[in-house]
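Secondary and tertiary structure notes
Listed below, chain by chain, are the residues.
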Amino acid sequence: MFDATSLPRSEGGFIRADRRARVEGVNRVYVAGDAGSFPGPDWMPKQAHMADLQAETAAKNLVAELRGEVPSATFRVELVCIVDSVDTGMLVARTERLNLMLPASPLFHWAKRAFERVYLRRYR
Ligand SMILES: Cc1cc2nc3c(=O)[nH]c(=O)nc-3n(C[C@H](O)[C@H](O)[C@H](O)COP(=O)(O)OP(=O)(O)OC[C@H]3O[C@@H](n4cnc5c(N)ncnc54)[C@H](O)[C@@H]3O)c2cc1C
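Residues numbered from 1 in each chain as written. Predicted model: local features only at pLDDT ≥ 70, side-chain atom pairs only at ≥ 80, totals over all residues. Heavy atoms only, no water.

When you go through the protein residue by residue, the secondary structure sums to two helices and five strands. When its helices and strands are written in sequence order, the protein yields β-β-α-β-β-β-α. With the C-alpha coordinates of the protein rotated into their principal frame, the extents come out at 50 × 30 × 30 Å. Looking at the protein as a whole, 31% of its 124 residues are labelled buried. In the protein, the share of contacts with a sequence separation of at least 24, taken over all contacts with a separation of at least 6, comes to 33%. Summed over all atoms, the accessible surface of the protein reaches about 8,500 Å², with 56% contributed by carbon and sulfur. Taking the 18 positively charged and 15 negatively charged side chains of the protein as two groups, their mean positions are separated by 5 Å. (Helix = DSSP H or I, 4+ residues; strand = E, 2+ residues; numbered from the N terminus. Buried < 20%, exposed > 50% of the residue type's maximum accessible area, 1.4 Å probe, protein only. Contact = heavy atoms within 4.5 Å. Areas by Shrake-Rupley, 256 points an atom, 1.4 Å probe, with all protein chains shown as cover. Lys, Arg positive; Asp, Glu negative; His and termini not counted. Charge placed at Lys NZ, Arg CZ, Asp CG, Glu CD.)

Before going further, it helps to examine the domain arrangement of the protein. Considered domain by domain, the protein is made up of domain 1 (1–76) and domain 2 (78–121). Inter-centroid distance (C-alpha atoms) of domain 1 to domain 2 is 26 Å. At the interface, 10 residues of domain 1 touch eight residues of domain 2. Glutamate 78 is the partner of arginine 76 in a salt bridge, and the nearest nitrogen-oxygen pair spans 2.7 Å. Across the domain 1-domain 2 interface, the total number found is four residue pairs in polar contact (both at pLDDT 80 or more). Here the residues of the side of domain 1 that touches domain 2 are counted per class, giving five nonpolar, two polar and three charged. (Domains from an automatic or database assignment. Salt bridge = Lys/Arg side-chain N within 4 Å of Asp/Glu carboxyl O. Polar contact = N/O pair within 3.5 Å; in protein donor to acceptor, adjacent residues only side chain to side chain. Nonpolar A, V, L, I, M, F, W, Y, C, P; charged D, E, K, R; others polar.)

Right, let's talk about the pairing of strand E3 (residues 78–84) for a bit. Regular strands show a simple pattern: their side chains alternate between the two faces of the sheet. The pairing of E3 with strand E4 (residues 89–95) spans seven bridges and is antiparallel. Bridged to valine 80 within E4 is alanine 93. Two successive antiparallel strands, E3 and E4, enclose a turn made up of four residues, where valine 86 displays a positive phi of approximately 75°. (Pairing = 2+ DSSP bridges.)

Another point: the sheet that holds E3. Strand pairing in a sheet relies on backbone hydrogen bonds, with the paired strands running either antiparallel or parallel. Strand order in the open sheet made by the three strands is E3-E4-E5, with antiparallel pairing throughout. Only two strands of the sheet have a single neighbouring strand rather than two, namely E3 and strand E5 (99–105). Sheet twist, expressed as the average angle between the axes of neighbouring strands with direction ignored, equals 5°. Across the sheet, helix H2 (residues 106–121) lies against E3, E4 and E5, angled at about 105° from E5, the strand it touches most. (Axes fitted to C-alpha atoms, helices over the stretch in contact; angles between N-to-C directions.)

As structure tokens, then:
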């Protein structure tokens, strides 16, 4: 689908954008999530949480632009996941300041279930 556009692409074929989620060189066009190629550390994940952070940034900046303001929001880079194996889970978290891996525990499995419930409630 991207092939039918003239949007700038990374070597890997994703849409090139900056840390404000703005597509490079195109006015008022933003990208969030897996479709984008963003500047940041090489461990920056293609993950749902990262897509959320980028989408929030893109929405704020687009609204700012439409109001005639300077789009200045940037997204933080975070890898946060619980590797769930049905009855237990392992927490892995990485930010530009923190690198954490906690061993498997049933607590993380239940924490993931609870997070899922709270997160999805907004959309149901
Ligand atoms: C097997 C698997 C497991 C994963 N597990 C996790 C996990 O545990 N935790 C986590 O955080 N992330 C996980 N991810 C990654 C996560 O799913 C993605 O990073 C996230 O969904 C990206 O969101 P997105 O909105 O960018 O893209 P998507 O969620 O892929 O949404 C894109 C949407 O666009 C639609 N679309 C595509 N082409 C067109 C078109 N031409 N016209 C209209 N609509 C179109 C698609 O149908 C889709 O609904 C997993 C991914 C996979 C594949």
